[in-house]
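Below are the chains, spelled out letter by letter.
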Amino acid sequence: MSRLPEDQLKQLRDIFTRFDLDKDGSLTHLEVAALLRSLGLKPSGEQIHKLFNNMDSDGSGTMEFVELVNCMSSQMTSDDILINQSQLLEIFKTFDRDGSGFTTPSELAKSMTKMGQPLSYRELTEMVRAADTDGDGVISFKKFQGIMARSAAESLGFSL
């Protein structure tokens, strides 16, 4: 059915089952919208309609699990995910200058200056405020991933 590893198929099945609110084995437009919003995306009605039509390969007006898997399989492989995660970690490490697992405002300022993009105090505080979702004053890799995911979603036309 797909090139996805068994663990990813199980995750997709769990997600699909959770959002199949009427338990009929398929997702409606509203259930797909709820799924996307649970991922932090805020697609417009038009975006949901386009996505849904692309995924509903049999034209039934609903999305079955096989259609979700086929769409996901054609979009990514586990190798892509691993490469992206390792690349993202390498980028994060350039900001985490002391290797603590966190980027402080000071490390961020130094890294940006080293890259030829010095930040004003205001720019630095705005950047940290946007990234520091729990208010602990540092940016963890998890927070960094969230920022990158939001950026990627926005580049695909979804707002967060």
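Look above for the structure.
Residues numbered from 1 in each chain as written. Predicted model: local features only at pLDDT ≥ 70, side-chain atom pairs only at ≥ 80, totals over all residues. Heavy atoms only, no water.

Caption draft 1: Examining the overall build of the protein chain more closely. Looking only at helices and strands, the protein chain features 8 helices and 4 strands. Counted from the first residue to the last, the protein chain has its helices and strands arranged as α-β-α-α-β-α-α-β-α-α-β-α. A burial count over the protein chain gives 31% of its 160 residues as buried. A separation threshold of at least 6 residues defines the contact pool for the protein chain, and within that pool the share at least 24 residues apart is 48%. Accessible area for the protein chain stands at about 10,100 Å²; split by element, carbon and sulfur atoms hold 57% of it. (Helix = DSSP H or I, 4+ residues; strand = E, 2+ residues; numbered from the N terminus. Buried < 20%, exposed > 50% of the residue type's maximum accessible area, 1.4 Å probe, protein only. Contact = heavy atoms within 4.5 Å. Areas by Shrake-Rupley, 256 points an atom, 1.4 Å probe, with all protein chains shown as cover.)

Caption draft 2: Up close: the packing of aromatic side chains. The tally for this structure, following the rule as stated, stands at 4 aromatic pairs. Pairing F16 with F65 gives two aromatic rings, centres 5.6 Å apart and planes at 75°, and the pair type is edge-to-face. Here F65 lies in helix α4 (residues 65–75) and F16 lies in helix α1 (residues 6–19), a separation of 49 residues in the sequence. Taking relative accessible area as the criterion, F16 reaches 2% and is therefore assigned buried. When its relative accessible area of 8% is taken as the criterion, F65 is described as buried. Centre to centre, the rings of F92 and F144 are 5.4 Å apart; their planes meet at 55°, and the pair counts as tilted. Taken together, the residues span a long stretch of sequence, with F92 in helix α5 (residues 78–95) and F144 in helix α8 (residues 141–155) at a distance of 52 residues. A single burial state applies to F92 and to F144, both of which are buried. Linked through ring pairs, F92, F95, F141 and F144 together constitute an aromatic cluster. (Phe/Tyr/Trp six-rings, centres within 6.5 Å; stacked < 30°, edge-to-face > 60°.)

Caption draft 3: Broad picture of the packing of helix α6 (residues 105–114) against helix α7 (residues 121–131). Where α6 meets α7, the closest approach of the two axes is 10 Å, and the angle between their N-to-C directions is 120°. The pairing of α6 with α7 is recorded here as oblique in orientation. α7 is crossed by α6, and the crossing has right-handed handedness. Across from P105, L108 and A109 in α6, the residues of α7 making contact are L124, M127 and V128. A per-class count over the contact of α6 with α7 returns 6 nonpolar, no polar and no charged. (Axes fitted to C-alpha atoms, helices over the stretch in contact; angles between N-to-C directions. Parallel < 35°, antiparallel > 145°, perpendicular 65-115°, else oblique. Left-handed = near helix turned anticlockwise from the far one by under 90°. Nonpolar A, V, L, I, M, F, W, Y, C, P; charged D, E, K, R; others polar.)

Caption draft 4: Spotlight on the pattern of salt bridges. Applying the stated rule across the entire model yields 7 salt bridges. Here R122 ties to E126 by a salt bridge, and the two come within 3.0 Å at their closest N and O atoms. Separated by 4 residues within a single helix, R122 and E126 lie in helix α7, roughly one turn from each other. Looking at E126, the relative accessible area reads 39%, which means it is partly exposed. With its nearest N and O atoms 2.6 Å apart, the salt bridge here joins K143 to D134. One network of salt bridges, in which partners are shared, links D132, D134, D136 and K143. (Salt bridge = Lys/Arg side-chain N within 4 Å of Asp/Glu carboxyl O.)

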